[in-house]
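A look at the structure
Now for the letters of each chain:
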Amino acid sequence: MTGIRTFEDLRLRCKMVPSPSKRYPGECWEWHGATSRAGGSPSIWIPSLQRVGTVGTLAAVIATGSPAPANRVYRAMCDTPHCCNPEHRRWLSQAAATRKTHAGKPLDVAHKARITASRRAGSRITAEAIALLQAHPAGVSVAGLAAELGVSLSYAAAIKAGKWRPAVSPFAALMTGAA
């Protein structure tokens, strides 16, 4: 096979099922072809890209002539697994697509730990910067200090108000013998 080049080619390879969504009526084009091992997402040869991609990537290529821009996805909104109908797809940011995927599902402990670790890794505030914010020298705004330190205004204001605790334990010096 030479791959799917038009929405008609795609429709012919799908099973037509009624849409469960009232917002997206009509038939869903449910993909029943090859899927990836990792997440079970549809795997389709995309001739113009000369690689295998997902239904969303293929639909974006057919609709626009190029794959989705960075941090954007062409997502099915109708709740049918692997729906390929272009009338049921919308452009979303990667963050919005992730929220839609995980809506109503609690995060597992490992996922929460990864989020916390990534936030800590991105923190650029030092103990000296915390002391500077809490002392808040006269004539300097919190916004100015935040910009100077490279942190957000809300983060700087929380430190100044004492609502933020350093990640380092106050007993860390005792454990290292620095006391």
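Cut-offs applied
Residues numbered from 1 in each chain as written. Predicted model: local features only at pLDDT ≥ 70, side-chain atom pairs only at ≥ 80, totals over all residues. Heavy atoms only, no water. Buried < 20%, exposed > 50% of the residue type's maximum accessible area, 1.4 Å probe, protein only. Helix = DSSP H or I, 4+ residues; strand = E, 2+ residues; numbered from the N terminus. Pairing = 2+ DSSP bridges. Contact = heavy atoms within 4.5 Å. Disulfide = S-S within 2.5 Å. pLDDT = per-residue confidence, 0-100. Axes fitted to C-alpha atoms, helices over the stretch in contact; angles between N-to-C directions. Parallel < 35°, antiparallel > 145°, perpendicular 65-115°, else oblique. Left-handed = near helix turned anticlockwise from the far one by under 90°. Nonpolar A, V, L, I, M, F, W, Y, C, P; charged D, E, K, R; others polar.

**A word on the pairing of strand 2 (residues 27-31)**
Taken across its five residues, strand 2 has four buried, putting it largely inside the fold. Two elements, strand 1 (residues 14-18) and strand 2, share five bridges in a ladder whose sense is antiparallel. Across the sheet, the residue bridging to Val17 is Cys28, located in strand 2.

**A short note on the environment of Pro86**
Among the structural elements, Pro86 can be located in the loop between strand 5 (72-76) and strand 6 (89-93). With a relative accessible area of 18%, Pro86 lands in the buried category. Residues Pro86 and Phe7, spaced 79 residues apart in sequence, show a C-alpha to C-alpha distance of 7.8 Å. Not counting chain neighbours up to four residues away, the residues in contact with Pro86 comprise Phe7, Trp29 and Tyr74.

**Quick look at the state of the cysteines**
Counted under the stated rule, the structure contains zero disulfides. Considering cysteine sulfurs only, Cys84 is the nearest to Cys14, which forms no disulfide, with 3.7 Å between them.

**Considering unusual backbone geometry**
Phi is positive for Asn71, which is not a glycine, with a value near 65°. Inspection of the secondary structure assignment puts Asn71 in the loop between helix 2 (55-64) and strand 5. Positive phi is not limited to glycine here, since Asp79 has a value of about 70°. Inspection of the secondary structure assignment puts Asp79 in the loop between strand 5 and strand 6. A residue is classified by how much of its surface remains accessible, and Asp79, at 61% relative accessible area, is exposed.

**Regarding the confidence of the model for the chain**
Mean pLDDT over the chain stands at 79; residues scoring 70 or higher make up 85%. Within the chain, helix 8 (residues 172-176) has the poorest average pLDDT of any element, 56, and strand 1 the best, 91.

**Focus on the packing of helix 6 (residues 142-149) against helix 7 (residues 153-160)**
In the contact formed by helix 6 and helix 7, the axes pass within 9 Å of each other and the chain directions differ by 115°. Relative to helix 7, the element helix 6 lies roughly perpendicular. Our pair here, helix 6 against helix 7, has a crossing hand that is right-handed. The residues of helix 7 that touch helix 6, namely those facing Val142, Ala143 and Ala146, are Leu153, Ala156, Ala157 and Lys160. Looking at the contact of helix 6 with helix 7, its residues break down into six nonpolar, no polar and one charged.

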